[in-house]
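What follows is each chain in one-letter form.
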Amino acid sequence: MHDRNLPEVWLRGPLDNIPALLQPVAHALLQAKEEIGILMKDFPDKLLWQKVAGMASPGFHLQHLTGVINRLFTYAQAEQLSEMQLEYLSNEENPTNKVYTSAELADAFYRQVDEAIRVLSATDTNTLTNFRGVGRKQLPSTVIGLYTHAAEHTMRHLGQLIVTVNVLKANKAIN
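Residues numbered from 1 in each chain as written. Predicted model: local features only at pLDDT ≥ 70, side-chain atom pairs only at ≥ 80, totals over all residues. Heavy atoms only, no water.

*Asks:* Kindly report on the packing of aromatic side chains, identifying the contributing residues and their values.
*Replies:* One pair of aromatic rings is described through two measures. These are the centre distance and the angle between the planes. If you walk through the whole model with that rule in mind, you get one aromatic pair. Here Phe 73 and Tyr 147 contribute two aromatic rings whose centre-to-centre distance is 4.6 Å and whose plane-to-plane angle is 35°, an arrangement assigned as tilted. Remark: Tyr 147 occurs in helix H5 (residues 143–174) and Phe 73 occurs in helix H2 (residues 58–76); sequence separation between them is 74 residues. Here Phe 73 matches Tyr 147 in class, with each residue buried. (Phe/Tyr/Trp six-rings, centres within 6.5 Å; stacked < 30°, edge-to-face > 60°. Helix = DSSP H or I, 4+ residues; strand = E, 2+ residues; numbered from the N terminus. Buried < 20%, exposed > 50% of the residue type's maximum accessible area, 1.4 Å probe, protein only.)

*Asks:* Pulling in residues and values, what's your account of unusual backbone geometry?
*Replies:* The phi dihedral of Asn 17 falls on the positive side, at around 70°, and the residue is not glycine. Examined against the element boundaries, Asn 17 turns out to sit in the segment before helix H1 (23–39). What makes Asn 17 exposed here is its relative accessible area of 63%. Of note in the backbone geometry, Gln 138 takes a positive phi value of approximately 55° without being a glycine.

*Asks:* Can you lay out the packing of H2 against helix H3 (residues 83–91) for me, pointing to particular residues and giving the numbers?
*Replies:* Running from amino to carboxyl end, H2 crosses H3 at an angle of 150°, the nearest separation of the two axes being 10 Å. Classified by the interaxial angle, the pair formed by H2 and H3 is roughly antiparallel. When you trace H2 past H3, the crossing you get is left-handed. Residues Gln 63, Thr 66, Gly 67, Asn 70, Arg 71 and Thr 74 of H2 touch H3, and the partners they reach there are Gln 85, Tyr 88, Leu 89 and Asn 91. When its residues are assigned to classes, the contact of H2 with H3 shows two nonpolar, seven polar and one charged. (Axes fitted to C-alpha atoms, helices over the stretch in contact; angles between N-to-C directions. Parallel < 35°, antiparallel > 145°, perpendicular 65-115°, else oblique. Left-handed = near helix turned anticlockwise from the far one by under 90°. Contact = heavy atoms within 4.5 Å. Nonpolar A, V, L, I, M, F, W, Y, C, P; charged D, E, K, R; others polar.)

*Asks:* Before we move on, can you summarise H1 with the specific residues and values?
*Replies:* For H1, built from 17 residues, the straight-helix expectation of 24 Å at 1.5 Å per residue is met to within 8% by its first-to-last C-alpha distance of 24 Å. Turning to H1, its buried residues number three or more, namely Gln 23, Val 25, Ala 26, His 27, Ala 28, Leu 29, Gln 31, Ala 32, Glu 35, Ile 36 and Leu 39. (Expected span 1.5 Å × (residues − 1).)

What follows is the structure, given as structure tokens:
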């Protein structure tokens, strides 16, 4: 889904100001940003909350992608989630009273990726193996574990989003 004139982000060389150990995380997040930009361009808003075979809707995936990066990077900073973050989490699967467009949800994801890249660029690599507790139970992870999971989880949901969006577009074209 990326610009076919360019290699994938990870094949374009090191990113400026990103520590070497965090390059793969930044590459994955930026790849997802590019692919969502292409995938969601002109996506019909009326299909945003449609499900395919009972699977999650494009709206959910877009909200979840944004939220999960935000939450995992919060934990990586040794912070607990705020009430606003917990409320966002509880609303990811449902359209809220506000009517979102595909472009608005994609833009929120782009902003979150930009913030993640800023945080990665400022990360002291000496902290990467530091313990970080996740959630109320303080399940064990590390700074690099959280960053890596943010990249991995983003790519997992991107794959699901690609399939869902393409099936919805195909169904729309058939009907």
